[in-house]
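# Structure at a glance
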Amino acid sequence: MRTLSKSITLKPLLLLLPRLLLRLCLRGPLADAVAALPILDSLGLRADPLSYSDLIKLCLRHGSPDHARLLHRHLFSSHANHPQLFLSNSLISMYVKFGLLEDARDLFDQMPQRNVVSWTTMISALANLKEKEEALRLFIRMQRDGISPNMYTFSSVLRTCNTPSTLWSIHSCIIKYGLDSDVFVRSSLIDIYSKLGDLEYGYRVFSEMVTHDLVVWNSIIGCFAQSGEGFKALELFAEMKKAGFLANQGTLTSVLRACTGMVLLEMGRQVHVHVLKYESDLILNNALLDMYCKCGSLEDARGLFDRMLERDVISWSTMISGLAQNGRSIEALKLFESMKLLGVKPNHITILGVLFACSHAGLVEDGWYCFNSMEKLFGVEPGREHYGCMVDLLCRAGKLKEAVKFIQELKFEPDLVIWRTVLGACRVHRNINLATYVAKEIHKLEPEDEGTYILLSNIYANSRRWGDVELGTYRTQSDRIVKELNRLISRISNIGYVPDIEFVLQDLGREQKEESLRYHSEKLAVAFGMLNSTEGKPIRIMKNLRICGDCHTFAKLISKAEEKLIVIRDPVRFHYFKDGFCSCGDYW
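Residues numbered from 1 in each chain as written. Predicted model: local features only at pLDDT ≥ 70, side-chain atom pairs only at ≥ 80, totals over all residues. Heavy atoms only, no water.

If you look the chain up in an unreviewed UniProt entry, it shows as DYW domain-containing protein from Ananas comosus var. bracteatus.

## With respect to the side chain of Glu134
Filter applied, for reference: A run of H or I in DSSP counts as a helix once it spans at least four residues, and a run of E counts as a strand once it spans at least two, with each numbered from the N terminus. We define a polar contact as two N or O atoms separated by no more than 3.5 Å, with the added condition that, inside protein, one atom must be a possible hydrogen donor and the other a possible acceptor, whereas residues neighbouring each other in sequence contribute only through side-chain atom pairs. Note on contacts: a residue pair qualifies if any of its non-hydrogen atoms lie within 4.5 Å across the two residues.
For Glu134, the position within the fold is in helix 8 (residues 132–144). At 2.9 Å, the side chain of Glu134 forms a polar contact with the side chain of Arg137. For Glu134, the contacting residues outside a window of four places in its chain are Arg105 and Leu126.

## Focus on the state of the cysteines
Any covalent bond linking the sulfur atoms of two cysteines counts as a disulfide. Definition in use: What counts as a disulfide here is a pair of cysteine sulfur atoms lying within 2.5 Å.
All chains considered together, the criterion is met by zero disulfides. Distance from the sulfur of Cys358, which forms no disulfide, to the nearest cysteine sulfur (Cys370) is 6.1 Å. In this model Cys426 remains outside any disulfide bridge; the closest cysteine sulfur is found in Cys395, 7.2 Å from its own.

## With respect to the packing of aromatic side chains
Worth spelling out the cut-off: Think of it this way: a Phe, Tyr or Trp ring, Trp meaning its six-membered ring, pairs with another when their centres are within 6.5 Å, and the plane angle makes it stacked under 30 degrees, edge-to-face over 60, tilted otherwise. Exposure categories follow from relative accessible area, calculated using a 1.4 Å probe and restricted to protein chains: below 20% of the type maximum is buried, above 50% is exposed, and the middle band is partly exposed. To sit over a ring, a charge needs its Lys NZ or Arg CZ within 6 Å of the ring centre and within 35 degrees of the ring normal.
Evaluation of the coordinates by the stated rule reveals 19 aromatic pairs. Both rings, one in Phe336 and one in Phe378, keep their centres 6.1 Å apart while their planes meet at 75°; by these two values the pair is edge-to-face. Of this pair, Phe336 sits in helix 20 (residues 329–341) while Phe378 sits in helix 22 (residues 364–378); the two residues are 42 residues apart in sequence, bridging distant segments of the chain. Arranged with centres 5.4 Å apart and planes meeting at 75°, the rings of Tyr387 and Phe412 form a pair that is edge-to-face. Pair noted here: Tyr387 is in helix 23 (residues 384–396) and Phe412 is in the loop between helix 24 (400–408) and helix 25 (416–429), with a separation of 25 residues, a long-range link. Exposure remark for Tyr387: the relative accessible area of 16% places this residue in the buried category. Judged by relative accessible area, Phe412 falls into the partly exposed class, the value being 21%. Through a chain of ring-to-ring contacts, three or more aromatic side chains come together here, namely Tyr203, Phe206, Trp217, Phe224 and Phe245. Geometry around Phe108 places Arg114 over its ring, the cationic atom sitting 4.5 Å from the centre. Lying over the aromatic face of Phe554, Lys523 brings its terminal NZ or CZ to 5.7 Å of the ring centre.

## Points about helix 23
Threshold: By definition here, a helix of n residues has an expected span of 1.5 Å times n minus one.
The end-to-end C-alpha separation of helix 23 is 18 Å, in line with the 18 Å expected for 13 residues at 1.5 Å each. The buried fraction of helix 23 is high, at eleven of 13 residues. For helix 23, the set of buried residues is His386, Tyr387, Gly388, Cys389, Met390, Val391, Asp392, Leu393, Leu394, Cys395 and Arg396. Here the buried face of helix 23 lies against helix 21 (348–361), helix 22, helix 24 and helix 25. Looking one or two residues past helix 23, Gly398 carries a phi angle of roughly 80°, positive in sign.

## Remarks on the pattern of salt bridges
Counted only if it meets this: The rule for a salt bridge is simple: a side-chain nitrogen of Lys or Arg has to be within 4 Å of a carboxyl oxygen of Asp or Glu.
Here the structure, examined in full by the defined rule, presents 24 salt bridges. Arg302 is paired through a salt bridge with Asp306; the nearest N and O atoms lie 3.2 Å apart. Highlighted residues: Arg302 and Asp306, both in helix 18 (residues 298–307), separated by four residues, approximately one helical turn. Judged by relative accessible area, which is 23%, Arg302 ranks as partly exposed. By relative accessible area, which is 46% here, Asp306 ends up partly exposed. Here Glu441 and Lys444 are joined by a salt bridge, their closest N and O atoms 3.1 Å apart. Taken together, the residues span about one helical turn, with Glu441 and Lys444 both in helix 26 (residues 432–445) at a distance of three residues. Overall, the relative accessible area of 17% leaves Glu441 in the buried class. Taken together, the shared-partner salt bridges in this structure form one network comprising Glu299, Arg302, Asp306, Arg328 and Glu331.

Here it is in structure tokens:
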């Protein structure tokens, strides 16, 4: 009678336990929900699969892999059969999200049955962790096991393609399974063809689609923008709008990247109008900030930066680097101090901007302090670019011997950029012996480097070693440009311009040297800009070599005589010429 009574008393409790677990799995606390699992084990009970699914989600929300492992143990305990397939898949996905790939793989290998979700989850995890060969092996095993890949499988496995041949094989499989028209698969195909350098075929994949959606438009625009094909990216953006698609944040970020690469400030401002239609977005604001800085519009950049409600280390680094590259080094260093006071931890890009600012302001000691303390104070290990900045800092300060000693003590082989920096400094400081040594080092790395020959010719010319100078002439292509250039030179001659013939490479008479100087590319570009610019708008010029001293003087005087802002961007920095002065302070 007592046994029967006890059985009758326990029955309601046994029915309540799974319901109690359901409530705990939905609302927590997590510890209480997991604590109920051993009780269920001891009684030989199981909750319903949805309760366990909710408990897996609860473990993820709380970031608790230890509790997740207890649940896994419970589900595979000796009292139970294997859990339902969807629960095993959920456990694999949970382990992947926790970064526990070994646990995920062990569970995957133990599963008596797997479906497309099981395989795809593992393939995606391996692809994300750069375990590309193993991901491809699983992809092959999956098909041998009779499981057909779906669009998510292919979107993952495409990321494992390192070679065109592998990509073509996967592309063939996509066609075989009839998924070549799927939007997400097509988008992934476009991305990977672009990353492997075959943008033309990526565009072909895009063009073959009967209909496009925003995902595919974003993929193709982003690919052209990232590949330096800015004009094509903007052309596609215009086509997308004509097709009736509205740009989203992803579209605008790619279009801004295209504007930045081509220094299209006015186009960038038009994109900014589109950005204002959306809620404040940090990624978009950072892209705008970068565009304004690299297009040389510091007023727009600083205004945007000051209005940003949210800033991250990228925002600060972009603004600091932008100020430094546009000749406002002291302002950049002050902003760096503000960043530190607000508790934002600098990264390697931030430090590059600070070193650049020190270099262009001639702050050698500050630069050394930043370089020597960056790892200790901020946990940023110096990289090749940081060493390059230090070489530039020493060279600009005229400390060429110290720069060479620094290079010789590097833990890696100096590259072309580092040696070219020293060669440029040799021209400025007229150190012909060191220039010859550096040129030989450059020629070891790049025997046909044209820039080296040009710089070395400048140095020989300054030292009157005409036999070492290769003859060369500049030719104008437009009578209108020449006529405008003559007008400008005539005007500034009245306010003190005298051609500095030391910057002529040839062994010529004075009149011939002055004539040669007249047709330097910077002067022709300024003349072209004066002919084609509107009133109140600046002239913006990009160069692949540093500006010579005579052209620098020419631009300063033109900015005064014509009351025109002239912005010249060389490979290193921006020069702002206004009212007869340059932002570099004649130190470049």
